[in-house]
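Structural description and commentary
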Amino acid sequence: MKIKHLFLAAAALAFGLTSCSKDEGGVKRTGPSDVYIQVSQLGTRADTDPVSDNTAVEFSEGYLFFTDSEADPNILRYVRITNNTIAGTVSVDQLKAGKVIESVHQNATTVWVFGNVPAKDSNGNDLEIDQSSKMSDIESKLIDILSQTDDDFGVKNATLYGSGAIDFTPGTHTTGEQYDGKASFQVAPIIARLEIDKIQANNEAATLAGSGVITSFKLEGIYINNYYFEVGVNSGTTGSTIVNYLQDIPSYLPTTQGGQYDTAWEEYLYDLIGQDAVSAGGGSFISVEPSKTWAYNVFANHADPHIVFHLTGVEIDNSLRPNPQTAAQPGEAWLTVTSYVHRNTDNPVNIEGGKVCKMANVYFTADDLGNTPEPNDKLDILVEIELLPWKVVPVDPKFD
């Protein structure tokens, strides 16, 4: 029997795409299948730049794979997804409208989509996932985090990934066209985004707590720590290791200054700020804020990345402390965000693909300052975060 139509709705929910699902079932296949594919609302989502420039996040091109049911699936067929109508490929517009893919292998059980795939792997070699014969070959190809950030430090380059089983239950598409099966699954970005609008010493809260009042500080730099520099195209971590410089202070500098952060990573994984705090809120706060936002794209769905703030010139009025004569002036200090919680419920918020964690304000007090990054003692710091825009959840990150 020749299968005439297979309806595939690949939904990239994290980019505003929709999904659908149908009942499962089975049809015996004895020959090649003609597959009807339609991807609904494949397109764009507004970027999260908190200023006014909204950059579109697009599914511009990629690959569609059909595999069998082996433990390490064999790739039976692949089709290029392009921006234009080119012979032998499928355009994004065609997938929106629906497109028949002819002669799909009868053993096909699963459909996979990879979008916005970088041309090079993390070693600078051609990625060429279309040359793979098994899905494990594709999933083992490592890409680095720099490939996930566009020229404007936005998220247009975010790689998308998803897969779904083929359900051979016959049905009728909304257009009235009959089909014999479909696959329904999510295609989501493999990165999340961290945005920081301001870091602020909260002296109002410090006064209430009997803490020291921070009278000045300079924000020297912001560093992403506890992160994966490279992952597989499917966001897997096989062959990769997590980067964490722990309490080694000299590591938190560019390589030109003897540190571990390559100068090519600036604005991707760290920023050198060198900005003095200014008074705000009638003197109750002193803060440092950028002209736009400090933003960092990170691989998601693994250990939550940490944000390390390096402060110098810290001066504290300790007259409110119970034993002010024993309170030291730190001069240099560190703050480390290690987790993120819902602002109103205090429930944990994981850094998952498609989430934009927007920290409108990173509040800290004198008691939250540490002598090193990644301190052993755990401190709670109030930071305001929203998840934009499809999951608007205000959260508070936690500092150590």
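Residues numbered from 1 in each chain as written. Predicted model: local features only at pLDDT ≥ 70, side-chain atom pairs only at ≥ 80, totals over all residues. Heavy atoms only, no water.

What the protein chain contains, in helices and strands, is three helices and 30 strands. Of all 400 residues assigned to the protein chain, the portion counted as buried reaches 53%. Within the protein chain, counting contacts between residues at least 6 apart in sequence, those at least 24 apart form 72% of the total. Summed over its atoms, the accessible surface of the protein chain is roughly 17000 Å², and 45% of this surface lies on carbon and sulfur atoms. (Helix = DSSP H or I, 4+ residues; strand = E, 2+ residues; numbered from the N terminus. Buried < 20%, exposed > 50% of the residue type's maximum accessible area, 1.4 Å probe, protein only. Contact = heavy atoms within 4.5 Å. Areas by Shrake-Rupley, 256 points an atom, 1.4 Å probe, with all protein chains shown as cover.)

For the structure shown, the criterion picks out 18 aromatic pairs. Between the aromatic rings of Y223 and Y270, the centroid separation amounts to 5.8 Å while the plane-to-plane angle is 5°, which identifies the pairing as stacked. Taken together, the residues Y223 in strand β18 (residues 213–225) and Y270 in strand β22 (residues 270–276) connect sequence positions 47 residues apart. Y270 matches Y223 in its accessibility class, with the two residues each being buried. (Phe/Tyr/Trp six-rings, centres within 6.5 Å; stacked < 30°, edge-to-face > 60°.)

Moving on: unusual backbone geometry. The phi dihedral of N226 is positive, around 60°, even though this residue is not glycine. With a relative accessible area of 11%, N226 lands in the buried category. Positive phi is not limited to glycine here, since L246 has a value of about 50°. Among the secondary structure elements, L246 is positioned in the loop between β21 (242–243) and β22. Accessibility expressed as a relative area gives 53% for L246, which makes it exposed.

Once that is clear, we can look at the pairing of strand β17 (residues 199–202). Burial along β17 is two-sided: I199 and A201 and Q200 and N202, pointing in opposite directions, are all buried. One ladder, built from three bridges, connects β17 with strand β28 (residues 356–364); its direction is parallel. In the sheet register, A201 faces β28, and the bridge partner there is F364. One ladder, built from four bridges, connects β17 with strand β24 (residues 285–288); its direction is antiparallel. Note on β24: the bridge partner recorded for A201 is I286. (Pairing = 2+ DSSP bridges.)

With that settled, the discussion passes to the side chain of D121. Considering the arrangement of structural elements, one finds D121 in the loop between β9 (110–115) and α2 (135–139). Apart from the residues within four sequence positions on either side, D121 is in contact with L127 and L142.

So, on to the environment of T241. With respect to the secondary-structure elements, T241 resides in the loop between β20 (230–232) and β21. Note: C-alpha distance between T241 and Y227 (14 residues apart in sequence) is 8.7 Å. Apart from residues no more than four positions distant in its own chain, T241 is found in contact with Y227 and Y228.

This part is about the confidence of the model for the protein chain. Of all residues in the protein chain, 73% have pLDDT values of 70 or greater, and the mean over the chain is 76. Within the model, the stretch residues 1–9 combines pLDDT values under 50 with 53 contacts to residues more than four positions away or in other chains. Throughout residues 11–28 the model reports pLDDT below 50, and contacts reaching past four residues in sequence, or to other chains, amount to 56 contacts. (pLDDT = per-residue confidence, 0-100.)

All chains considered together, the criterion is met by six salt bridges. With a closest N to O distance of 3.9 Å, E61 and R80 form a salt bridge. Of the two residues, E61 is situated in the loop between β4 (57–58) and β5 (62–67) and R80 in strand β6 (residues 75–82); the sequence distance between them amounts to 19 residues. Among the residues examined, E61 registers a relative accessible area of 36% and is labelled partly exposed. The exposure class of R80 is partly exposed, given its relative accessible area of 26%. Here K120 and D126 are joined by a salt bridge, their closest N and O atoms 2.5 Å apart. Judged by relative accessible area, which is 43%, K120 ranks as partly exposed. Given a relative accessible area of 44%, D126 falls into the partly exposed group. In the salt-bridge network here, residues are joined through shared partners; they are R193, E195, D197 and K358. (Salt bridge = Lys/Arg side-chain N within 4 Å of Asp/Glu carboxyl O.)

Before going further, it helps to examine the environment of G115. Its place among the elements puts G115 in strand β9. Taking the C-alpha atoms as reference points, G115 and G162, separated by 47 residues in sequence, lie 9.1 Å from one another.

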